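# Results of the structural survey
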Amino acid sequence: VDMNAAQEAKYAQYVAEIAEAVKDYKKAGAVLGLLARLSLVSIHPALDEGFDWKNAGNVSDPSSPKFTALAERVMLNRGCGHIVFVDNVAAHRWVRDVLVKRGIPLERIAILNAEVAKAAADRQQIARDFNGDPEEERLPKYDIVIANAIAYEGIDLQTRTCAIHHLDLPWEPATLQQRNGRGVRQGNTLGSIAIYYYFARRSQDGLRFNLIQGKRGWMTQVLKSQDRATNNPGAQMDMGPEETLLLISRNPEETRKRLEAVRAKREEEARKKLAEEATRSLRALNARYRHAERVRDPEEAKRLRAEAEARLEQLLETNPEAWPWAGWIGAVRQTPVLIAEDSGPVFEGLRLTIPNPYNAEQVIHAELGRVKTDSHGVSTIGWRVAGQAHWSGLSIEATQLQKLKPEWYDAGGWPADDEERSVAAVRELIDRTRYSGFDPARLMWQLAPGEWTERMWARVSVSVFGALRRAWNQYAVRQQLPGEVNGKLEVANSGRLTAEQLIGPTDAGWRRFLALAPASGLKFSDLHSVGISWWGRQIPRNLLAAGKAEGGGEGGEEEGEG
């Protein structure tokens, strides 16, 4: 229905005010009221001027294009029941006046609102008088009922309803279903019911109708108007500037473009939110699995792992379009996992194939190692480029770990000569430091995965020991190296040990070191120093308790140090 000149003028004014208000956050509170007035003037040009049931008779002209169109439809089918829905009670009087002017007797029109039908009994009586009762030979008293929210529930008007007319629209699908359910229900004696929706041309009516009917399913999410929660303009408090401007757009092509832009933005926001939630869940899972590893009570550990497994199964079902990392998160069961913002999880043993940012024709093959957390709670993870023997520690904010893509994970093509090149890199470092003194701590192998260190140590241990002995001979470097001599732990320099006696900087070597330490007679501080320098690990504070209990000499005197 085309709006008249008065409606057009007011509608344009409110559109301009809304467009201005959304630009200024200080005026944001006025937008809801302006939207409500916009809806009112699309029904009648004076409906925004404060008219109510009592003073509605003071309006200069009760007619409007929508009311006229309604009267024409009613006049085409006078012999059955019509239900007219419009929420504003002043509009009830004006609709009645327009119908009477077109020839509908006043006594055949009922008003169903809280002003006229104050009690439930009054409303039920109006329903009975509208339906009639053929069995009691009671003829219908009313042909038309003009109603608002009072009639949405608990009122049966279906017996002879042939048409339902909506002069305005609610904000949610459920409310529209309730309206239509007054006549479209079991007990109606007619074969079909016409349902009319009156849209003001170039207004928000059509867009709201598409939203409510679900013909644009994604718009339901965009405008926050789903069945469960939004039944009035107050629901639009979640609307942003884009949605508001979309709702008031009067240009079809402009509206289409805005629809696409808002859809794209909201879909991206939804994906981002889902990814953020998945990332938080994975961090919580990591904490729970690690807690289960530390707790001493087996039953408590079992309970924690069971809870973590249940949450992990849920996380594995995350939409891969929003969060594509599900294929790698199972690693959290066995090893600590770090998660960067806007990126995927990283963990020990993961291999990456990353495009070289400086050469598009090359890639960087990188391997990740152990996660270390310092006393301040700051975590780093080991990082090594293929072919290198040196490991470095990266924080999760490091450039290399930001903006990772799933296609870079285990992408294949890992260099077959990686280990050979790494062994060569160790020997090159030994040669390069022949005169300055070789220090294995520079390789940072404490950050390397256990399996990698085992393989490398098996191949370079003799070369490393030779470099250590050469450094001791040439520069009398005070070395504190762990060795096993005749089944006992000895901490000495390389001049007092052989290559076979030196305990390797591996996981197996660490376990052997801890097993021999209690009976070694060494002080806690000496053992602690070796643990840090050779393995990058702190020995347990109660490590020497076993030696003390077995009469292991002075080993426990300085247990509190370090």
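Conventions and cut-offs
Residues numbered from 1 in each chain as written. Predicted model: local features only at pLDDT ≥ 70, side-chain atom pairs only at ≥ 80, totals over all residues. Heavy atoms only, no water. Helix = DSSP H or I, 4+ residues; strand = E, 2+ residues; numbered from the N terminus. Buried < 20%, exposed > 50% of the residue type's maximum accessible area, 1.4 Å probe, protein only. Contact = heavy atoms within 4.5 Å. Areas by Shrake-Rupley, 256 points an atom, 1.4 Å probe, with all protein chains shown as cover. Expected span 1.5 Å × (residues − 1). Polar contact = N/O pair within 3.5 Å; in protein donor to acceptor, adjacent residues only side chain to side chain. Salt bridge = Lys/Arg side-chain N within 4 Å of Asp/Glu carboxyl O. Disulfide = S-S within 2.5 Å. Pairing = 2+ DSSP bridges. Axes fitted to C-alpha atoms, helices over the stretch in contact; angles between N-to-C directions. Parallel < 35°, antiparallel > 145°, perpendicular 65-115°, else oblique. Nonpolar A, V, L, I, M, F, W, Y, C, P; charged D, E, K, R; others polar. Left-handed = near helix turned anticlockwise from the far one by under 90°.

Before going further, it helps to examine the overall build of the protein. The secondary structure content of the protein amounts to 16 helices and 13 strands. Residues classed as buried in the protein amount to 46% of the 562 residues present. Considering only contacts within the protein whose residues lie at least 6 apart along the sequence, 65% involve residues at least 24 apart. For the protein, the accessible surface area stands at approximately 28,200 Å², while carbon and sulfur atoms represent 49% of it.

Across its 13 residues, helix H4 (residues 89–101) extends 19 Å between first and last C-alpha, which sits within 8% of the 18 Å expected from 1.5 Å per residue. Along H4, the residues that are buried comprise Val 89, Ala 90, Ala 91, His 92, Trp 94, Val 95, Arg 96, Val 98 and Leu 99. Regarding H4, its N-cap is Asn 88, as a side-chain oxygen of that residue lies 2.9 Å from the backbone nitrogen of Ala 90 further along. Gly 103 sits one or two residues past H4 and shows a positive phi near 120°.

All told, the structure shown has 28 salt bridges when counted by the stated rule. Through salt bridges with shared partners, one network takes in Arg 288, Glu 300, Arg 303 and Glu 307.

Turning our attention to the state of the cysteines. Counted according to the given criterion, the structure contains one disulfide. In this model, Cys 80 is linked to Cys 162 through a disulfide, with the two sulfur atoms separated by 1.8 Å. Across the S-S bond linking Cys 80 and Cys 162, the dihedral sits near 60°, which makes this disulfide right-handed. Here Cys 80, found in the loop between helix H3 (65–75) and strand E1 (81–85), pairs with Cys 162, found in strand E4 (residues 161–166); they are 82 residues apart in sequence, far enough to count as distant. Under the relative-accessibility criterion, Cys 80 is labelled buried at 8%. Since its relative accessible area comes to 7%, Cys 162 is described here as buried.

Okay, the sheet that holds strand E11 (residues 392–395) next. Pairing in this open sheet of four strands is antiparallel, and the strands run E8-E9-E10-E11 from one edge to the other. Each end of this open sheet is capped by a strand with a single partner; those strands are strand E8 (351–355) and E11. Each strand axis lies, on average, 40° off the axis of its neighbour in the sheet, ignoring direction. Here E8 runs beside strand E9 (residues 363–373); their pairing, made up of five bridges, is antiparallel. When the bridges of E9 are listed, Pro 355 appears paired with Val 363.

It is the contact of helix H14 (residues 507–516) with helix H15 (residues 524–535), at a shortest axis distance of 12 Å, that shows an interaxial angle of 175°. Judged by the inter-axis angle, H14 sits roughly antiparallel to H15. For the pair H14 and H15, contact is made by Gly 509, Trp 510 and Phe 513 and by Leu 527, Val 530, Gly 531 and Trp 535, respectively. A class-by-class count of the residues in the contact of H14 with H15 yields five nonpolar, two polar and no charged.

So, about the packing of H3 against H4. It is at 9 Å that the axes of H3 and H4 come closest, and there the two elements cross at 50°. Between H3 and H4, the interaxial angle falls into the category oblique. As H3 runs across H4, the sense of the crossing is right-handed. Each of Phe 67, Thr 68, Leu 70, Ala 71 and Val 74 in H3 lies in contact with H4, whose residues at this interface are Ala 91, Trp 94, Val 95, Val 98 and Leu 99. Among the residues forming the contact of H3 with H4, the class breakdown is nine nonpolar, one polar and no charged.

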